[in-house]
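# Architecture at a glance
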Amino acid sequence: MMKKKILVISPAFPPYSGVGSKRMGSLINYISNFDNFSLLVIKNNNDMWSSNLVLDKVNPKIPTIDIRCNNPNSFFKMQKLYSRFIYEQTLLFKPDIIIISSGPFYTLKPIKKIRRDFKIKIILEFRDLWLINPRKPKGIVGKLKFFLLNFFQGNYLTEFKAINNSSKIIVTSSRDKEILMRKYFVKYEKISIIKNGFDRVLSKKLLPKREENLNAFKICLFGKFSYYSKASTLIFYNALNYLSLKTKIQVVHIGEKEPFVENLFNKNINENISYYNTGFLKYEDGLLKCYKSDLLLLIEDSPTGFGTKIFDYIMVNKPVLLIARNPGLLGELISSFKNGFVSTSELETKKIIEYIILNNLQCLDNLDNIDKFSRERQNQKYLEIINELLRRKE
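The present account deals with the structure reproduced in this document. (Residues numbered from 1 in each chain as written. Predicted model: local features only at pLDDT ≥ 70, side-chain atom pairs only at ≥ 80, totals over all residues. Heavy atoms only, no water.)

## As for helix α15 (residues 375-391)
- Helix length check: α15 (17 residues) gives 24 Å between terminal C-alpha atoms against 24 Å at 1.5 Å per residue, within 8%.
- Arg375, Glu376, Gln378, Asn379, Tyr382, Leu383, Ile385, Ile386, Leu389 and Leu390 are the residues of α15 that are buried. (Helix = DSSP H or I, 4+ residues; strand = E, 2+ residues; numbered from the N terminus. Expected span 1.5 Å × (residues − 1). Buried < 20%, exposed > 50% of the residue type's maximum accessible area, 1.4 Å probe, protein only.)

## Details of helix α13 (residues 346-358)
- End to end, α13 covers 18 Å across 13 residues, agreeing with the expected 18 Å (1.5 Å per residue, within 8%).
- Within α13, the full set of buried residues consists of Thr349, Lys350, Ile352, Ile353, Glu354, Ile356 and Ile357.
- The elements touched by buried residues of α13 are β8 (217-222), α8 (230-242), β9 (249-254), β11 (295-299), β12 (320-323) and β13 (340-343).
- Remark: Asn360 follows α13 within two positions and exhibits a positive phi of approximately 50 degrees. (Contact = heavy atoms within 4.5 Å.)

## A closer look at the packing of helix α10 (residues 283-291) against helix α11 (residues 309-316)
- At their nearest, the axes of α10 and α11 sit 10 Å apart, and the two run at 55 degrees to each other. Relative to α11, α10 is oriented oblique. Along this stretch, α10 crosses α11, giving a crossing that reads as right-handed. Counted together, Tyr283, Leu287, Cys290 and Tyr291 of α10 and Asp312, Tyr313, Met315 and Val316 of α11 form the full contact between these two elements.
- Broken down by class, the residue content of the contact of α10 with α11 amounts to seven nonpolar, no polar and one charged. (Axes fitted to C-alpha atoms, helices over the stretch in contact; angles between N-to-C directions. Parallel < 35°, antiparallel > 145°, perpendicular 65-115°, else oblique. Left-handed = near helix turned anticlockwise from the far one by under 90°. Nonpolar A, V, L, I, M, F, W, Y, C, P; charged D, E, K, R; others polar.)

Listed below in structure tokens is the structure:
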């Protein structure tokens with residue numbers, strides 16, 4: 001049987017170890033285990049990333065073509081380079097299907113031309129929405145500037161044509177699906193939802209390293225602390241200072257220091273509460289810190305998305321607390337777990353932390369429910385979509 005050829009367009013791809021590479025890197029590693037597929041990946045050259053973010057292992061079974069650019073921050077230069085490379089490799093590699101990972105979004109431009117000239121099936125994946133992302137500028141002036149800039153640069157037309165000429169659209173949440181259907185008139189059946197997930201292999205590797213905390217109840221936040229919501233950060237901080245517990249509490253922030261958070265805890269006078277910032281850590285080292293905590297914290301305020309950090313938290317399988325004035329889909333997901341908690345106020349936050357300590361809660365949920373969110377499960381769904389498209393006649 002002849003192998004089916006898959007051309008993958010993913011600017012963020014291993015050995016780049018940032019969040020953006022995890023999803024596609026996991027999927028292509030999974031597909032490479034099947035003998036009936038031939039793969040080729042077009043990605044950014046490693047020199048375009050910070051050296052401390054080029055850490056992931058490279059799978060020698062996956063051939064890649066690197067794109068170099070002297071000015072990688074120029075959207076239009078990158079768009080031009082990717083358009084040329086994608087077209088050339090489509091001509092040379094003759095793929096049966098193309099997967100385009102967007103975010104960054106300079107990969108969308110050539111989709112209409114590829115579809116017109118080669119009649120190839122294309123899967124367009126939105127890890128995050130682009131022009132109709134609710135996280136875009138707030139306020140009338142900000143929204144108007146954003147719209148006019150992208151309208152006159154032709155980006156709305158580019159996105160519309162890319163969606164219209166793709167065989168399948170992949171998004172990570174039901175809210176993103178609803179937005180695309182409403183804004184771009186995309187048919188329901190054209191969009192599939194494949195959530196992010198955690199690495200089951202990494203989970204088993206780190207599992208034996210769990211430790212019991214004897215000195216303090218540790219609350220850990222991995223990633224951005226106050227970035228998404230200073231108001232929700234204040235809810236957390238004020239709630240801590242209302243706690244009247246014998247147990248000492250240590251707040252551990254894994255990630256770059258944030259002045260807003262540092263200033264808050266520097267003026268803290270509660271002797272039972274301490275704060276510690278680790279600075280930037282490698283991904284696995286950060287996860288180990290999470291394993292050694294008693295409660296995992298998320299500060300958010302977007303009603304539409306999950307992000308990827310929640311899936312790391314699910315893997316660690318410790319109680320999770322989301323503080324958000326507008327919990328949205330993330331709140332629904334966290335609340336679905338036995339020991340997943342959502343708070344919108346200081347009093348609620350205080351009561352939740354007291355409850356977790358009083359009842360000595362140890363895990364987020366049972367292992368069967370946790371495993372549903374592994375990347376392996378999501379990759380299986382992705383492969384089913386690929387095979388279905390390969391069988392379909394258009």
